[in-house]
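If you want the building blocks of each chain, they are given just below.
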Amino acid sequence: MADPAHPVPPDGGWGWMVVLAGFLQSALVFGVIRSFGVFFMEFVGYFGELAGRVSWVTSIGIAVLQLGGPVSSALSSQYGARPVVMAGGFLSGLGMILASFASSLTHLYLSIGVLSGLGWALVFTPSVASVARYFAKRRTFATGLAVSGAGLASFAFSPLFQLLVDTYAWRGALLVVAGISFNLVAAGALLRPLEPEGEETSGGLPAFSSLCQPRLACHRPFLLFAAAFVLVDAGYYVPYVHLVPHARELGFDEYRAAFLLSSAAVADLCGRVAGGWLADRVAIRLVRSLTLWTILTGLSMLLLPLGQIYSLLMGLCICYGFCAGALVPLQFSGMAEIVGTGRIMEGIGLMQMMESAGSLVGAPLSGWLRDMTGDYTASFTVAGAFLLAGSLLLFALPNYFSCSMDSTIEEKTMGDP
């Protein structure tokens, strides 16, 4: 008999609307983040700052998104995912509105980095965890569909943002981006709770006490898994911040440069769907497939500086986008394999918080290397090295070479006092 506190995932039904909500949130969060390279050159020129300092705008936003993971998990456990995601959608749009009035980089750090970043945090973790709870057999494929919104939105947003900047200047463009971001409120309204509220905790105070004493903080497989993605995130977002400036420095105009990012975004979309579809049909542990895609992503990053002509750079960007997209659904579905579905909300939230360290330093480090060396060769090389280092850490997971782990067993283990 099913446990009423943890209903059997329906693997369909309203779950597909939850997937749609996840698709919209990934489009309106990571699609915006990945296309922000268009604004990068505008900020450098307007404020007269070095690339390293301007890079902090995006990095702070990503870091706050991830640092807020445990907070959004606790709030969702107490109040449900729907109101938390809707509140996050409002904050993300408000941050963009305030950014349009920026008179200094500090203003951008606070508005886009802190306020919009906090909104993204409240949106992301509950949305991904909701998809994982609605699906079991098709979890990785459903997660792949949900997170594929980032790829489709990046394809559309990169040239759109460039057009908006050319038409309205960067301040007017940010106001339009704010209006787009407010659609996250509608996406949050689609999240119908599957479990009774407080499924992981018995009330508000216990929910927030998990922020101070998370049980997963002593769980070795989880810590190894999360540490691997601290390293991965130090390199993962670098192309989305610096690919457009790199292409401009090679002599390509702004629209050809933006199209590189759009092409990588289409490949990312295909990779997310294909990666999730393949993972559900290959009889090996998800962490092994995840390791392979992470290695391929790192190698493609290392090769990016070789693209000195447009056609070669385009091919390398497409290769990077596909591999980088394929690893995403495996990361979040792999979390269920590591800790079980009963702890997936806490697991994703805590992992996101730990990943913030890598996301925070990745783009600014790459910007600093550009300022020191005069081009982006060292930036992409170091970013690729971080990805490869993260993939090596995955090999240290317990029973890595054993047969597929039964996540229900792991879940019972995590539930023991």
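Let us look at the structure shown here. (Residues numbered from 1 in each chain as written. Predicted model: local features only at pLDDT ≥ 70, side-chain atom pairs only at ≥ 80, totals over all residues. Heavy atoms only, no water.)

1. Observations regarding helix 14 (residues 286–303)
1) Next: With 18 residues, helix 14 extends 26 Å between its outermost C-alpha atoms, agreeing within 8% with the 26 Å of an ideal straight helix rising 1.5 Å per residue.
2) Next: Among the residues making up helix 14, those that are buried are Leu286, Val287, Ser289, Leu290, Thr291, Trp293, Thr294, Thr297, Gly298, Ser300 and Met301.
3) Next: Buried residues along helix 14 sit against helix 7 (139–147), helix 11 (220–236), helix 12 (238–249), helix 13 (254–279), helix 15 (310–339) and helix 17 (377–394). (Helix = DSSP H or I, 4+ residues; strand = E, 2+ residues; numbered from the N terminus. Expected span 1.5 Å × (residues − 1). Buried < 20%, exposed > 50% of the residue type's maximum accessible area, 1.4 Å probe, protein only. Contact = heavy atoms within 4.5 Å.)

2. What to know about unusual backbone geometry
1) Next: Phi is positive for Ala169, which is not a glycine, with a value near 70°.
2) Next: Checked against the element boundaries, Ala169 lands in helix 8 (residues 149–181).

3. Overview of the packing of aromatic side chains
1) Next: Tallied over the full model, the rule gives 17 aromatic pairs.
2) Next: When the centroid spacing of 5.7 Å and the interplanar angle of 55° are considered together, the rings of Phe39 and Phe161 count as tilted. A residue pair is termed long-range when its members are at least 10 positions apart, and Phe39 in helix 2 (residues 37–47) and Phe161 in helix 8 qualify at 122 residues. Pair check on accessibility: Phe39 and Phe161 agree, each one buried.
3) Next: Considering the side-chain rings of Phe252 and Tyr310, the 5.0 Å spacing of their centres and the 70° angle between planes classify their relative orientation as edge-to-face. Of this pair, Phe252 sits in the loop between helix 12 and helix 13 while Tyr310 sits in helix 15; the two residues are 58 residues apart in sequence, bridging distant segments of the chain.
4) Next: Given a relative accessible area of 15%, Tyr310 falls into the buried group.
5) Next: Aromatic rings pair up to connect Phe36, Phe39, Phe43, Tyr46, Phe47, Phe157, Phe161 and Trp170 into one cluster. (Phe/Tyr/Trp six-rings, centres within 6.5 Å; stacked < 30°, edge-to-face > 60°.)

4. What about the pattern of salt bridges?
1) Next: Inspection of the entire model under this criterion finds 2 salt bridges.
2) Next: Close ionic contact of Glu249 with Arg370 constitutes a salt bridge, the shortest N to O distance being 2.6 Å. Of the two residues, Glu249 is situated in helix 12 and Arg370 in helix 16 (residues 344–373); the sequence distance between them amounts to 121 residues.
3) Next: The class of Glu249 is partly exposed, set by a relative accessible area of 38%.
4) Next: With its nearest N and O atoms 2.6 Å apart, the salt bridge here joins Asp268 to Arg272. Separated by 4 residues within a single helix, Asp268 and Arg272 lie in helix 13, roughly one turn from each other. Take Asp268 and Arg272: they sit in the same class, and that class is buried. (Salt bridge = Lys/Arg side-chain N within 4 Å of Asp/Glu carboxyl O.)

5. Description of the nonpolar core
1) Next: Formed by 113 residues in total, the largest nonpolar core has its most connected members in Phe39, Phe43, Met96, Leu108, Phe225 and Tyr236.
2) Next: If we ignore the near neighbours within four places in the chain, the residues touching Phe225 are Val287, Leu290, Gln331, Gly334, Met335, Ile338, Met351, Leu394 and Leu397. (Core = buried A, V, L, I, M, F, W, Y, C linked by side-chain atoms within 4.5 Å.)

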